[in-house]
Amino acid sequence: MHKRLRGFGLASTIIILGACTGTPVTPHVAASAVPTPSLAKAWQGQVLIGAAVDEKNIQSQGTLIADQFSSVVAENAMKPMATEPREGEFHFEAADAIVRFAQSHNMAIRGHTLLWHLHTPDWMWQGKNGQPADRDLVLARLKRHIDAEVGHYKGQVYAWDVVNEVIDEKQPDCLRNDKWHQVVGLDYVDYAFRYAHAADPAARLFINEYSTTETAKQRCLLRVIQGLQERGVPVNGIGHQMHISVFYPRVEDIDQTLTAFARLGLENQITEIDMSLYKWKDNHLYDTRDNLLALQARRYGDIMRMIHNHPDVTAATWWGVTDAGTWLNQDAPADHNDQPLLFDAQGQPKGAFWAVFKAARR
Ligand code: XIL
């Protein structure tokens, strides 16, 4: 213990000891007396520690973000409806502000996302004279969108979620039965990756998906990726969203999932992690808030320790900075108060933070 702490300043030692012995670290004491140690620094050389941010919180929480994270992703600003709301009319101002912020703090930048059924603007499907757009027109539009966006951030965004949530395990071909599939056909995923690679050959290209630990979904994703690989489509990795709960999935299942994809020679990234105190779309708290937060800290620690066995995992990105900004409280009942992130609503480190901090190799 003492050996491992050698080299740390006295201030951080006090905090670490507090955290190790389970003594609750009073946020105000931690905030005023000693600075919170940096998560990004603790994990440096191991895993990039990321946060989803927006144009506002890079201003209001800029210091916290820059101190604690080594990577950012735009929570919404790089999605297709935001960057090309009307055909050929590109808006990169909000995303540019995030990129400038990241660059001024030497942070890595992930890009999210180039194609997502929930965020495709309607103009994509409209053809001439009120007719629906056909395959060729949609592919030409997709190419133009990807060329413009990936081209704009060439050399700056190191990894793209090229396609988001395309898997549907209930379909015979494992792909979601959406407009992309209906209008273009099975190979729209291939085209998206090929266009992205052409626009920035150095960018690492990811297929991003939720619930990758679930057996049927995982089997389908593996099958789709093997198809991409057989056809020589440039896919580098899997983005595991990991919108999880204090109740599921089991850490062993996450471990097994990462192994299954690493076996295909792919890089794994955790792209949108948060850990809800609730079950999905359920407004009931099954224990006291304190117990649930303690469970959350324990599970975050277990997950991050497990990641040491996975050189295939290169980044873990939290889907938000503080509990005040979590998307899990958007469109939720008024009394729904989820706290899935590492910092509380006041921006103070939670038990979850200390667990992830302590899980880093030192
Ligand atoms: C969410 C954002 O957090 C919200 O602010 C927005 O209203 C909807 O999208 N999976 C994804 C993310 O890939 O892009 C989603 O982000 C959360 C689920």
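Residues numbered from 1 in each chain as written. Predicted model: local features only at pLDDT ≥ 70, side-chain atom pairs only at ≥ 80, totals over all residues. Heavy atoms only, no water.

K.L.:
Is there a simple way to think about the side chain of T83 in this case?
P.N.:
As for its placement among the helices and strands, T83 is situated in helix 7 (residues 80–83). In this structure the side chain of T83 is engaged in a polar contact, spanning 2.8 Å, whose partner is the side chain of E149. Beyond its immediate chain neighbours, meaning those up to four positions away, T83 contacts A77, M78, E89, F90, H91, F92, H145 and E149. (Helix = DSSP H or I, 4+ residues; strand = E, 2+ residues; numbered from the N terminus. Polar contact = N/O pair within 3.5 Å; in protein donor to acceptor, adjacent residues only side chain to side chain. Contact = heavy atoms within 4.5 Å.)

K.L.:
Is there a simple way to think about unusual backbone geometry in this case?
P.N.:
Leaving glycine aside, a negative phi is the common case for residues, and trans is the common case for peptide bonds. Cis geometry marks the peptide bond from H112 to T113; its omega dihedral reads 0°. Here T113 lies in strand 3 (residues 108–116). Omega for the peptide link from Y248 to P249 comes to -10°, which places this bond in the cis form. Mapped onto the elements of the fold, P249 is located in the loop between strand 7 (243–245) and helix 13 (251–262). A positive phi angle is found at C174, which is not glycine, with a value near 75°. Despite not being glycine, M242 has its phi angle at roughly 60°, a positive value. Structurally, M242 can be placed in the loop between strand 6 (237–240) and strand 7. The exposure class of M242 is buried, given its relative accessible area of 7%. (Buried < 20%, exposed > 50% of the residue type's maximum accessible area, 1.4 Å probe, protein only.)

K.L.:
It is not clear to me how the site of the ligand should be interpreted in this structure. Could you clarify?
P.N.:
The ligand sits among 13 residues. The nearest are E75, K79, H112, N164 and E272. A distance of 2.5 Å separates an oxygen atom of the ligand from a polar atom in the side chain of E75. Surface burial for the ligand is 83%, taken as the share of its 420 Å² of free accessible area covered by protein chains. The cavity that encloses the ligand is the largest pocket. Taken together, the residues that form the shell around the ligand break down as 3 nonpolar, 6 polar and 4 charged. (Near = heavy atom within 4 Å. Areas by Shrake-Rupley, 256 points an atom, 1.4 Å probe, with all protein chains shown as cover. 1 Å grid on protein atoms, 1.4 Å probe; cavity = no way out; pocket = protein on both sides within 12 Å on 5 of 7 lines; lining within 4 Å. Sits in = over half its atoms within 2 Å of the grid points. Nonpolar A, V, L, I, M, F, W, Y, C, P; charged D, E, K, R; others polar.)

K.L.:
Mind showing me how you'd approach the packing of helix 13 against helix 14 (residues 289–306) here?
P.N.:
The description of two helices packed together rests on the angle between their axes and the distance between the axes. Axis separation between helix 13 and helix 14 bottoms out at 10 Å; the angle between their running directions is 25°. Taken together, the axes of helix 13 and helix 14 are roughly parallel relative to one another. Where helix 13 crosses over helix 14, the two elements pack in a sense that is right-handed. Note on element contacts: helix 14 touches helix 13 through R299, D302, I303 and M306, opposite V251, I254, D255 and L258. Taken together, the residues of the contact of helix 13 with helix 14 break down into 5 nonpolar, no polar and 3 charged. (Axes fitted to C-alpha atoms, helices over the stretch in contact; angles between N-to-C directions. Parallel < 35°, antiparallel > 145°, perpendicular 65-115°, else oblique. Left-handed = near helix turned anticlockwise from the far one by under 90°.)

K.L.:
When you look at the state of the cysteines in this model, what are you seeing that I'm missing?
P.N.:
Should the sulfur atoms of two cysteines be covalently bonded, the bond is a disulfide. Tallied over the full model, the rule gives 1 disulfide. The disulfide partner of C174 is C220, and the gap between their sulfur atoms is 2.0 Å. Handedness here is read from the sign of the S-S torsion; for C174 and C220, about -70°, the answer is left-handed. One end of the pair, C174, is in the loop between strand 4 (159–164) and helix 10 (179–184); the other, C220, is in helix 12 (residues 215–230), and 46 residues separate them in sequence. This pair shows no difference in class: C174 is buried, exactly as C220 is. (Disulfide = S-S within 2.5 Å.)

K.L.:
Is there a simple way to think about the pairing of strand 6 in this case?
P.N.:
Two faces make up the sheet, and in a regular strand the side chains alternate between them. Of the two faces of strand 6, the one lined by G237 and G239 and the one lined by I238 and H240 are each fully buried. Relative to strand 6, strand 5 (residues 204–209) runs parallel, the two being bridged by 4 bridges. Looking at the pairing, F206 lines up with G237 of strand 6. Remark: the strand 5/helix 12/strand 6 crossover connection has right-handed handedness. (Pairing = 2+ DSSP bridges. Right-handed = clockwise from strand over helix to strand, strands pointing away.)

K.L.:
What's the story with a nonpolar patch on the surface in this structure? I'm lost.
P.N.:
Together, F247, Y248, W280 and Y286 make up an exposed nonpolar region whose accessible area comes to about 420 Å². Turning to its location among the elements, W280 is positioned in the loop between strand 8 (267–276) and helix 14. When its relative accessible area of 52% is taken as the criterion, W280 is described as exposed. (Patch = residues over 30% accessible without salt bridge, like charges linked within 9 Å, V, L, I, M, F, W, Y side chains within 5 Å. Salt bridge = Lys/Arg side-chain N within 4 Å of Asp/Glu carboxyl O.)

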